[in-house]
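# Inside the fold
Listed below are the residues making up each chain.
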Amino acid sequence: MTDSTTLSLASSLESVGETRAIIDLDAYAHNIGVLRASAPEGAAFMAVVKADAYGHGLVECGRTAQSIGCEWLGVARIVEALRLRDAGVDIPILVVGPPVSTELTAAIQRGVTLAAGSWSMVERIREAAKAAGATARVHIKVDVGMRRYGFLPEEISAAVQRLKAMPEIEIDGVFSHFSSADEPGAEPTGAQIALFSAAVAEVREAGIEPRWVHLANSAGIITGRVGPTNMVRSGAATYGLSPSPEVPCDERFQPVMSVRSVVARVSQAPLDCGVSYNCIYRTTADEMLATIPIGYADGLPRPLANQGWFVIGGQRRPIRGRVCMDQTIVGDADDVSEGDEVIIVGSNANGAMSFEDIGPMAATNNYEVATRLMARVPRIYMRNGEPVAVEHLLHDAAVRSVETARA
Ligand SMILES: *Cc1c(COP(=O)(O)O)cnc(C)c1O
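We now turn to the structure provided with this report. (Residues numbered from 1 in each chain as written. Predicted model: local features only at pLDDT ≥ 70, side-chain atom pairs only at ≥ 80, totals over all residues. Heavy atoms only, no water.)

Quick look at the packing of aromatic side chains now. All told, the structure shown has five aromatic pairs when counted by the stated rule. Both rings, one in Tyr28 and one in Tyr239, keep their centres 5.4 Å apart while their planes meet at 15°; by these two values the pair is stacked. Of this pair, Tyr28 sits in helix 2 (residues 25-38) while Tyr239 sits in the loop between strand 9 (231-234) and strand 10 (257-262), and the two are 211 residues apart along the sequence. By relative accessible area, which is 0% here, Tyr28 ends up buried. Tyr239 gets classed as buried once you look at its relative accessible area, which sits at 1%. On the basis of an interplanar angle of 35° and a centroid distance of 5.0 Å, the ring pair of Tyr54 and Tyr239 is categorised as tilted. Highlighted residues: Tyr54 in helix 3 (residues 50-54) and Tyr239 in the loop between strand 9 and strand 10, separated in sequence by 185 residues. (Phe/Tyr/Trp six-rings, centres within 6.5 Å; stacked < 30°, edge-to-face > 60°. Helix = DSSP H or I, 4+ residues; strand = E, 2+ residues; numbered from the N terminus. Buried < 20%, exposed > 50% of the residue type's maximum accessible area, 1.4 Å probe, protein only.)

So, in structure tokens, the structure goes:
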């Protein structure tokens, strides 16, 4: 990291003056505690930190999960697992999806566990294990209904026989994934638990005692539908994100991220003044407007035009007109001054929009809004109310020439 980067990161630790995401690592640890208490007694916990920990920061969330005793981390891509290893995280990591990557050999060398869910993936894993000169530890993925990844229940028996005969592969677990656990009472969940139970029984009949058996996600844990298991996996609820409106994170959970910015300009607009691109908002009286440097290129969804709000000085300020790429304008800003602190996303307790509020306004869900927070928004990590680390993915991203990459 260059000196100038260090300097600008130090000034963002002062924590005013730019658009930033504040990540409360104590809230993250707290939520994991709540989920553990809801999981079956003695079950291990896999903290799912894929997709940059749903926008909350892969490395800091991974380190925190390790430090509070989570037994496993779950990621979606090999590169995420390798980044965690580079950051000193040494607990088991499962790549829960197909391990398509040019770095499969490195992953096996560094003890990353892989999901075996199709024969082409198993072949890649075997070749990489041979190249690594090591055995690849796998969890067999059973497809109980999503048609996404995994061996179908009727293939399990034969799959285990074939995998057992492969010296490059060690079977360490069996797992599956619910399609509809966020809809309480939805029929597929019971059927999926039954299919998974039968698949686990077949693995045992084939003479393999899997060390880890896991099925439930956040919604499964919250609704108490976990199936036969000695581990649960959770992503969304660890960040205080509700799996769905019907399966909310109740008051025991705390939001982990808040997004903040600063007022860059205040102006007084006359009656019938068009605001932002295409003037889709026109003032209905004299109105004070405030400009905030956050836009859809930071991850603020464009459909919040004329719908969302920010909190400034404890009051809601409605978004006026279109969300621009880099800036957004709010109204009702009579008592607002340039330089004031702005809450873009936060807790309903202080009047701010939560990710749960934003999802429906943007025709999507809370998970997508959080994971789309862009690399140019610095993350500031807090513990005991104090900043402990800063990460700016845009500052630290390296572009390598093809020659360097080949070397
Ligand atoms: C993303 C994912 C999870 C975590 O799901 P949440 O709903 O965020 O708890 C668990 N298991 C698998 C296989 C996943 O892909």
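This paragraph deals with the site of the ligand. Near the ligand lie 13 residues; those nearest to it are Lys50, Tyr54, Ser218, Arg233 and Ala236. Within the side chain of Tyr54, a nitrogen or oxygen atom sits 2.5 Å from an oxygen atom of the ligand. Gly235 is positioned such that a nitrogen or oxygen atom in its backbone is 3.0 Å from an oxygen atom of the ligand. Contact with the protein chains covers 93% of the free accessible surface of the ligand, which is 390 Å². Put simply, the ligand lies in the largest pocket. Mapped by element, the contributors of at least two residues to the shell around the ligand are helix 3 and strand 9. (Near = heavy atom within 4 Å. Polar contact = N/O pair within 3.5 Å; in protein donor to acceptor, adjacent residues only side chain to side chain. Areas by Shrake-Rupley, 256 points an atom, 1.4 Å probe, with all protein chains shown as cover. 1 Å grid on protein atoms, 1.4 Å probe; cavity = no way out; pocket = protein on both sides within 12 Å on 5 of 7 lines; lining within 4 Å. Sits in = over half its atoms within 2 Å of the grid points.)

Quick look at unusual backbone geometry now. The backbone of Ala51 sits at a positive phi, close to 55°, despite the residue not being glycine. Its location among the elements puts Ala51 in helix 3. Phi at Asp332 takes a positive value of approximately 50°, unusual for a residue other than glycine. Residue placement: Asp332 occurs in the loop between strand 17 (328-330) and strand 18 (341-345). Judged by relative accessible area, which is 39%, Asp332 ranks as partly exposed.

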